[in-house]
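# Reading the structure
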Amino acid sequence: MAASDALTPARRGATNRAVFNAAALVFVAGDALWATGLAAPAMIAVLLGCCGVAALLLTSRPTGARLDAPIDKRTLAVCGFVALLLCLLGGETHLFWANADWLTRDAVLADVARHVAPVYYRVGEDTFFLRAPLGMYMIPGLVGHALGLTAAHVALLAQNTLLLAILLYLVAVLGKGLAMALLLAAFSGLDLAPWFFNILRAYAQTGVWSVPPDPEWWARLFQYSAHVTQIFYVPNHAFPGWFFALAAVAAARRELDLGALGAIFAALILWSPLAPMAAPALLGFFLWRDRAEAAKSTRFWLGGAAAACFAPVALYLTANAGAIAHAPIARAPGFWGVYLLFLLVEIPHALFLAALWRRVDAELKPLLAISAALLVALPLYSFGPSNDLAMRGSITPLFLLAFIFLSTLLGLGPAQRRVRLAGLALVILGAGVPLIQICEVVLLPRFSISACNLITTTEELTPGGVPANYVAPTSRAPQWLLRPPGQQTSFEILGAGRCWPDHPALGDDRPRDGKEPGQ
């Protein structure tokens, strides 16, 4: 960076940077739509931040490196086909089986489609607002507001297919080609090993074969999700986390400046506050690396100003966040034995790279060290249902670990045959979890999209409360941030009837209290 790197027009032409910017602008568009539901001061701030991010991206100076190479249309087309297939298999549009996470996600999309922003709820005498990472829902919600709920789901599929296609394409561009992109999509830990062990142990104890439903929950206290699991269950967290990881790779290679990287991070928070939580550590490293030039860079200060404009997003997402379950878990009985085994099972790739440290790309070594440190630390504290801190907070460092692992593995020559076989064994053994996820989707029956709102959905799934990780009392939002509901405000209320009459486990024969017949 230098003092002369102010906002200057970027080179025109169909380059990989244009593909990168297209994904970034999809994230930013979600922020801008959401901001229209805020009170005037907060709305203006966020919209200014969106304009700042767009300006920084569209005026990035060409470096002549990978992001400025011409688009490889064949690779992009293959990535697009793979992305569409994975998004459909993941449950989008319910063409295939949709996992349990989509039950609540469908409700959020239905509410956004009805109201766009903000969304208010009335439960008894209390009023709440939808306080959740809504970035993924805003563009599809706007489409649904105009054309109906089915159109919203089709728009969600189109949006997520586009994002995943670009993410896979950027892996190919910044990494070792299309093969690396496909291998990265299938990346996973070695969860099948403890899963099979638990099956055998249960049989030895009971004499009955029983199969635990989810191989990735073998540790029970925490989980590092396979990439296919992230696509199927939490694309709203996975895609921003992966995008920031790729932006960090570009910054490590000096293809993206620090100002743009910081602004991108701020724009991603509305999509997922946990997935890019590795950003402060990574940004801190880049600031230290570029400390001599940063203070003299116009783009650095513009990026900081744009990032600051997203402060209302952070305040919105943390409103009443203390109501979300959180606690240190290192004192749990048997924690340390499970913790050490968990690290060996989930991130043996870090040990592989440590043994090949000299062969790791020098520019990526700091990213690897930061990612490994975060992956070691995250299981020590629990936050959110099912310990979202570990599952979602690990997305960016896990992606960086996978990227550097595969890049190093594919860069080995014939002379390193044994090492290549060891790395290939990690890839093959890890591929079992994605295969199980895909088989489950193909074998289980599909069911219809629900139009139920969030309150009704929550009552049917877990009766007796409001989802603290999705809503907050309207009294907790300052008036400069969120317009208080008025006499003309339309509230979502608890509905009657069934949300999923054709769901194989939640159909019409399931009582309202959530108990099975006969209980």
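Here the structure is shown first, and the text comes after it.
The notes below deal with the structure included here. Counting starts from 1 at the beginning of each chain's written sequence and moves along it residue by residue. Only residues with pLDDT of at least 70 are given local features in this predicted model, and only at 80 or more are side-chain atom pairs given and counted; all residues enter the totals for whole chains, interfaces and linings. The basis for every side-chain value is the complete set of non-hydrogen atoms in the structure, without hydrogens or water.

## Some thoughts on the overall build of the protein chain
How we decide: Segments assigned H or I by DSSP are reported as helices when at least four residues long, segments assigned E as strands when at least two residues long, and all are numbered from the N terminus. Our radius of gyration looks at C-alpha atoms and nothing else; its globule reference is 2.2 Å times the residue count to the power 0.38. Summary of the burial criterion: residues with accessible area below 20% of their type's maximum are buried, those above 50% are exposed, and those between are partly exposed, where the area comes from a 1.4 Å probe applied to protein chains only. We score Asp and Glu as negative and Lys and Arg as positive, and we do not count His or the chain ends. Lysine's charge is taken at NZ, arginine's at CZ, aspartate's at CG and glutamate's at CD.
Helices and strands together make up the secondary structure of the protein chain, namely 23 helices and 6 strands. Here the protein chain has a C-alpha radius of gyration of 23 Å; the compact-globule value for 519 residues is 24 Å, and the two agree. Expressed as lengths along the three principal axes of its C-alpha atoms, the size of the protein chain is roughly 65 × 65 × 45 Å. Every one of the 519 residues in the protein chain was classed for burial, and the buried ones make up 54%. Side chains of the protein chain carry 35 positive and 30 negative charges; the gap between the two charge centres is 11 Å.

## A look at the layout of surface pockets
We count it as follows: Definitions used for this entry: grid spacing 1 Å over protein atoms alone; cavity, a set of points where a 1.4 Å probe fits but cannot get out; pocket, an open set with protein on both sides within 12 Å along at least 5 of 7 lines; lining residue, one with an atom within 4 Å of a point. Grid points are joined across faces, edges and corners, and a volume is the space filled by probe spheres set on the points.
Considering only enclosed or pocket space, the second largest pocket measures out at about 420 Å³ in volume. Lining the second largest pocket are 16 residues; nearest its centre among them are Asn198, Arg201, Trp217, Trp218 and Arg220. Those elements that provide at least two residues to the lining of the second largest pocket are α8 (192–206) and α16 (335–346). Take the lining of the second largest pocket: its biggest share by element is 5 residues, from α8.

## Some points on the state of the cysteines
Convention followed: Whenever a pair of cysteine sulfur atoms sits within 2.5 Å, that pair is classed as a disulfide.
A complete count under the given rule lists 1 disulfide for this structure. Here Cys452 connects covalently by a disulfide to Cys499, the sulfurs 2.2 Å from one another. Between Cys452 and Cys499, the S-S torsion sits near -110°, and that sign places the bridge as left-handed. With a gap of 47 residues between them, Cys452 in the loop between α22 (432–443) and α23 (454–461) and Cys499 in the segment after β6 (491–492) connect regions that are remote in the sequence. Each member of the pair, Cys452 as well as Cys499, carries the same accessibility label: buried.

## Re the packing of aromatic side chains
What describes a pair of aromatic rings is the distance from one ring centre to the other and the angle between the planes of the rings. Convention followed: In this scheme Phe, Tyr and Trp rings, the latter by its six-membered ring, pair at centre separations within 6.5 Å, and the angle between planes marks the pair as stacked below 30 degrees, edge-to-face above 60, and tilted otherwise. Each ring is checked for a lysine NZ or an arginine CZ that lies within 6 Å of its centre and within 35 degrees of its normal; such an atom marks a charge sitting over the ring.
Under the definition given, this model contains 23 aromatic pairs. Connected via pairs of aromatic rings, a cluster forms that spans Trp218, Phe222, Tyr224, Phe335, Trp336, Tyr339 and Phe342. Sitting over the ring of Trp102, Arg105 keeps its end group 4.5 Å from the ring centre. Above the plane of the ring of Phe491 lies Arg122, whose end atom (NZ or CZ) is 4.2 Å from the centre.

## A look at the sheet that holds strand β5 (residues 471–473)
Using the following cut-off: Strand pairing is defined by DSSP finding a minimum of two bridges between the two strands.
Spatial ordering of the open sheet is given by β5-β2-β1-β6, a layout of 4 strands whose pairing is mixed. The open sheet is flanked by β5 and β6, the only strands paired with a single partner. Judged from the 2 bridges that link them, strand β1 (residues 120–123) and β6 form a sheet pairing that is parallel. Its bridge partner lying in β6, Tyr120 is registered against Phe491.

## Some remarks on the packing of helix α10 (residues 235–252) against helix α20 (residues 395–410)
Applied cut-off: Only C-alpha atoms enter the line fits that serve as axes; for helices the fit covers just the stretch in contact. Angles between N-to-C directions range over 0 to 180 degrees. Roughly parallel means an angle under 35 degrees; roughly antiparallel, over 145; roughly perpendicular, 65 to 115; everything else is oblique. Rotating anticlockwise by less than a right angle from the far helix to the near helix defines a left-handed crossing, while the corresponding clockwise rotation defines a right-handed one. We call two residues in contact whenever any of their non-hydrogen atoms come within 4.5 Å of each other.
Look at α10 against α20: their axes get within 8 Å of each other, and the N-to-C directions meet at 50°. Regarding the angle of α10 to α20, the classification is oblique. In the packing of α10 onto α20, the handedness of the crossing is right-handed. For the pair formed by α10 and α20, the contact residues are His237, Ala238, Gly241, Trp242, Phe244, Ala245, Leu246 and Val249 on the first element and Ile395, Thr396, Phe399, Leu400 and Phe403 on the second.

## Focus: the nonpolar core
Generally speaking, a soluble globular protein has its nonpolar side chains buried in company with each other. Keep this limit in mind: The term nonpolar core refers to a set of buried residues drawn from Ala, Val, Leu, Ile, Met, Phe, Trp, Tyr and Cys, joined through side-chain atoms within 4.5 Å.
Trp34, Phe243, Phe286, Leu367 and Phe403 are the most contacted members of the largest nonpolar core, which totals 165 residues. Leu192, Ile199, Ala226 and Val433 belong to the second largest nonpolar core, which has 5 residues in total.

## Digging into the pairing of strand β2 (residues 126–130)
β2 sits mainly inside the fold: 4 of its 5 residues count as buried. When β1 meets β2, the two strands line up antiparallel, connected through 4 bridges. Looking at the pairing, Tyr121 lines up with Phe128 of β2. Remark: 2 residues form the turn of the hairpin made by β1 and β2, two consecutive strands paired antiparallel; Gly124 in that turn has positive phi of roughly 65°. Across 3 bridges, β2 lies against β5 in antiparallel orientation. Paired with Phe129 across the two strands is Ala472, which belongs to β5.

## A word on the environment of Asp290
Looking at where Asp290 falls in the secondary structure, it is placed in the loop between α12 (279–289) and α13 (291–294). With 32 residues separating them along the chain, Asp290 and Leu258 place their C-alpha atoms 8.2 Å apart.

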